[in-house]
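As a plain string of letters, each chain reads:
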Amino acid sequence: MASSACIKPVSNHALTYSSSKSTSKSSLVSFLSTTASIPTISLKLSHSHSCHSQRSFLVNNALKTVHTSQSSVSSSKDLDSSSLDSKPTILVSEKLGDAGLQVLRGFGHVECSYDLSPEDLCSKISSFDALIVRSGTKVTRQVFEAAKGKLKVVGRAGVGIDNVDLQAATEFGCLVVNAPTANTIAAAEHGIALLAAMARNVSQADASMKAGKWQRSKYVGVSMVGKTLAVMGFGKVGSEVARRAKGLGMNVIAHDPYAPADRARAVGVDLVSFDEAISTADFISLHMPLTPTTNKIFNDDTFGKMKKGVRIINVARGGVIDEDALVRALDNGVVAQAALDVFTEEPPSEDSKLVQHENVTVTPHLGASTKEAQEGVAVEIAEAVLGALKGELSATAVNAPMVAPEVLSELAPYVVLAEKLGKLAVQLVAGGGGVKSVKVVYRSARDPDDLDTRLLRATITKGIIEPISNTYINLVNADFAAKQKGLRISEERIVVDSSPEFPVDTIQVQISNVDSKFASAISENGNISIEGKVKYGVPHLTCVGSFGVDVSLEGNLILCRQVDQPGMIGTVGNILGEHNVNVSFMSVGRTSPRKKAIMAIGVDEEPTKEALGKIGSVPAIDEFVFLKL
Ligand SMILES: NC(=O)C1=CN([C@@H]2O[C@H](COP(=O)(O)OP(=O)(O)OC[C@H]3O[C@@H](n4cnc5c(N)ncnc54)[C@H](O)[C@@H]3O)[C@@H](O)[C@H]2O)C=CC1
Ligand SMILES: O=C(O)C(=O)COP(=O)(O)O
């Protein structure tokens, strides 16, 4: 339904009884659900006209929130849950830099328990609100199950999250955050160190000398200058490796299906196909994540396409290489040398043919292990975890939609509006559980490419799903829970002629194929339909069914449909006053004078049954509903 279809109050009938609704500003942040389990989304574009909204900020407790008021003393011993106050509990299962630990200890109880067995981790995890890991801890489905809903956030102090079962985390509503930037340079430097060490046989020559030998002719190396290096995965680490390799006089090419061409151009690197990269390179350096697509992407087949005598560096993940195939390629001379920091299984077995191979240089996953990187990563992850525990959305979430901070700050007030509209819409459904199809219509002056609605959609989904779910719902698992319930959410964006300064003009939520507790909420198309906008930082309900209203979405709401006649506002206001219910806002929308009207009344307190009964028995009131925001 376009806003023009919404019948606005003929005269500006809205009565504002109190509550100067000022903006509440909080730290914002985050992103949403990029992982699996996203309900089908369809986007349609159309055009219409509408008015504009005001911009402000939100307070968003999108995740489970843990409150804390004092700082705490750290503990390296097991936490005794019986002696804990309400401060959050944080388990650090791998070595974390002191600066990060200090940040954590300023907020919660911290237990550092390194080298836990999987069983030990499972047995203690239900005492913790947060878990911080590096690459050595496998955060499996069993861990989330054992957490019994207590675990709110897993912080990965580094980049790769292949050791965390993201699907399980999402299903359990547990946010996963990482520290994606602080170890980039360390990993790139390690890649270059391995490249140079391998080319000049540094580790082999070192071992030989320590064994009392002096083998100058055995360890003649190869030069790097003028050689072609293929960087596989041109992300943060890959591009830093490329920059450095160019400094060594290498000819650098890269393969990355998702990297923007201008990023490669800025470094002076050509992006080429996978086959071209591996077939023309003298050195191949791996910098892609381990995913189902990249798993064993270097195998007998792909080694077969490489130039004979190629040299391979891997500081990404062991799993991207089929290690048995690499041994074969080393043995048959296709691969002259390999330098590996990462392995499919870590640590690899002592008799690993790869580790023992004389043409292989190995390090025990040291890419991120510089003092600088470890301090940086520790602080980065500590702050991300604390933010999540405080209920803020996170800018480094992995299993929730990622929205750039500047976009997020702009969308913040609309996120509050979106959640309230979702909550309201579902309360209007008679019966509750039968919601199968929801449509969200955004009116905006922005070009559709310039409006990222993932956060809004997930927030509306949360608002709708939460009241009809018996499990804990947050922005992390809202999409998953919706899909489980067979709820289909579609979106439509309507371009309107208003100020593009504001990302969204109005948001409308429609629920189809359901009956409503408040028949007037059904619009002409047969759907429950409510619409809202942000005014001066405050979310407002602006349309119910076909009736225009204007009431701030704070506190609770009573909607009444009545005959439009004098005295109605006073009658209902008196009933509420008699029962000590404070009215914060009141607005009337009508089809035309003296016909049907809707009264939307914001109330601070929940009226008693008796008060509601009295409202219902006012003769001119046809129907009413009390809604909790
Ligand atoms: N050895 C160590 O201690 C460290 C290892 N790493 C690993 O290095 C890798 C890269 O890390 P970042 O650069 O920070 O991540 P990133 O996310 O910035 O870059 C990864 C790049 O790989 C690309 N990619 C994805 N699939 C690909 C495919 N099939 N083929 C080619 N490229 C593909 C992505 O588009 C992205 O540009 C990750 O696996 C990470 O876990 C990172 C830091 C330290
Ligand atoms: O950040 C990454 O992806 C790494 O591989 C670093 O791993 P680590 O934290 O040193 O166990």
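Preceding block: the structure.
Residues numbered from 1 in each chain as written. Chains lettered and ligands numbered in written order. Predicted model: local features only at pLDDT ≥ 70, side-chain atom pairs only at ≥ 80, totals over all residues. Heavy atoms only, no water.

1. Some remarks on the overall build of the protein chain
A count of helical and extended segments in the protein chain gives 18 helices and 23 strands. Out of the 629 residues in the protein chain, the part that is buried amounts to 56%. Residue pairs in contact within the protein chain that sit at least 24 positions apart in sequence constitute 72% of those at least 6 positions apart. For the protein chain, the exposed area adds up to about 26000 Å²; of that, 52% sits on carbon and sulfur atoms. (Helix = DSSP H or I, 4+ residues; strand = E, 2+ residues; numbered from the N terminus. Buried < 20%, exposed > 50% of the residue type's maximum accessible area, 1.4 Å probe, protein only. Contact = heavy atoms within 4.5 Å. Areas by Shrake-Rupley, 256 points an atom, 1.4 Å probe, with all protein chains shown as cover.)

2. So, the pattern of salt bridges
Going through the model one piece at a time under the given rule, you end up with 27 salt bridges. A salt bridge links Arg 244 to Glu 240, with the shortest nitrogen-to-oxygen separation between them at 2.7 Å. Taken together, the residues span about one helical turn, with Arg 244 and Glu 240 both in helix α7 (residues 236-247) at a distance of four residues. For Asp 300, the salt bridge goes to Arg 328, with nearest N and O atoms at 2.8 Å. Of this pair, Asp 300 sits in helix α10 (residues 300-304) while Arg 328 sits in helix α11 (residues 323-331), and the two are 28 residues apart along the sequence. Look at Asp 300 and you get partly exposed, because its relative accessible area is 41%. (Salt bridge = Lys/Arg side-chain N within 4 Å of Asp/Glu carboxyl O.)

3. Some details on the pairing of strand β20 (residues 556-563)
Within a regular strand, side chains alternate between the sheet's two faces. Extensive coverage of β20 is indicated by the burial of six of its eight residues. In this structure, β20 lies alongside strand β22 (residues 596-603), joined through eight bridges in antiparallel fashion. Each bridged residue has a counterpart across the sheet, and for Cys 560 the counterpart in β22 is Met 599. By the bridge criterion, seven bridges tie β20 to strand β23 (residues 621-628) in an arrangement that is antiparallel. Residue Leu 559 lies in a different strand from β23, and its bridge partner there is Val 625. (Pairing = 2+ DSSP bridges.)

4. Re helix α17 (residues 568-578)
Among all positions in α17, only Met 568, Ile 569, Val 572, Ile 575 and Leu 576 are buried. Mapping the buried residues of α17 onto a view down its axis gives an arc of 135°, with all of them on the same face. For α17, exposure combined with an orientation more than 90 degrees from the buried face picks out Asn 574 and Glu 578. Along its buried surface, α17 packs onto β20, β21 (583-590), β22, α18 (609-616) and β23. Once α17 finishes, Asn 580 follows within two positions and takes phi at roughly 60°, a positive value. (Arc of directions from axis to C-beta.)

5. Some thoughts on the site of ligand 2
Close to ligand 2 lie Arg 134, Ser 135, Arg 156, Ala 157, Gly 158, Val 159, Gly 160, Asn 183, Arg 317, His 365 and Ala 368, which account for all nearby residues. With respect to ligand 2, the side chain of Arg 134 contributes an N or O atom lying 2.8 Å from an oxygen atom. Ser 135 is positioned such that a nitrogen or oxygen atom in its side chain is 2.5 Å from an oxygen atom of ligand 2. Relative to its unbound accessible area of 310 Å², ligand 2 is 91% covered by the protein chains. (Near = heavy atom within 4 Å. Polar contact = N/O pair within 3.5 Å; in protein donor to acceptor, adjacent residues only side chain to side chain.)

6. Description of the nonpolar core
Side chains that are nonpolar tend, in soluble globular proteins, to be buried together. In terms of nonpolar packing, the biggest core is built from 55 residues, with Ile 507, Leu 541 and Leu 559 touching the most fellow members. Ranked by residue count, the leading element in this core is helix α14 (residues 405-427), at ten residues. If we skip the residues at most four places from it in the chain, Leu 559 touches Leu 428, Phe 518, Leu 541, Val 544, Met 599, Ala 600, Glu 623, Phe 624, Val 625 and Leu 627. Counting residues in hydrophobic clusters, the runner-up holds 31 residues, among them Met 288, Val 320, Leu 354 and Val 360. (Core = buried A, V, L, I, M, F, W, Y, C linked by side-chain atoms within 4.5 Å.)

7. So, the side chain of Thr 184
Mapped onto the fold, Thr 184 is located in helix α5 (residues 184-199). For Thr 184, a relative accessible area of 7% corresponds to the buried category. Of note is the side chain of Thr 184, whose polar atom sits 3.1 Å from the backbone oxygen of Thr 181. Apart from residues no more than four positions distant in its own chain, Thr 184 is found in contact with Lys 236, Val 237 and Glu 240.

8. Observations regarding the sheet that holds strand β2 (residues 89-92)
An order of β3-β2-β4-β5-β6 is seen for the five strands of this open sheet, with the pairing classed as parallel. Lying at the two open borders of the sheet, with one neighbouring strand each, are β3 (109-112) and β6 (175-178). For this sheet, the mean inter-axis angle between neighbouring strands, taken without regard to orientation, is 20°. Here strand β5 (residues 153-156) runs beside β6; their pairing, made up of four bridges, is parallel. Among the inter-strand pairings, Arg 156 is bridged to a residue of β6, identified as Asn 178. Lying on the sheet, helix α13 (residues 371-389) is in contact with β2, β4 (130-133), β5 and β6; it crosses β5 at an angle near 170°. (Axes fitted to C-alpha atoms, helices over the stretch in contact; angles between N-to-C directions.)

9. Considering the environment of Ala 242
In this fold, Ala 242 is placed in helix α7. Residues Ala 242 and Glu 578, 336 residues apart in the sequence, show an inter-C-alpha distance of 74 Å. Excluding residues within four positions of it along the chain, Ala 242 makes contact with Val 231, Phe 234, Val 252, Val 267 and Val 269.

10. Let's talk about the state of the cysteines
Any covalent bond linking the sulfur atoms of two cysteines counts as a disulfide. In this structure the tally under the stated criterion is zero disulfides. Of the cysteine sulfurs around Cys 112, a residue in no disulfide, the closest is that of Cys 174, at 19 Å. Its sulfur unpaired, Cys 560 is 17 Å from the next cysteine sulfur, which belongs to Cys 543. (Disulfide = S-S within 2.5 Å.)

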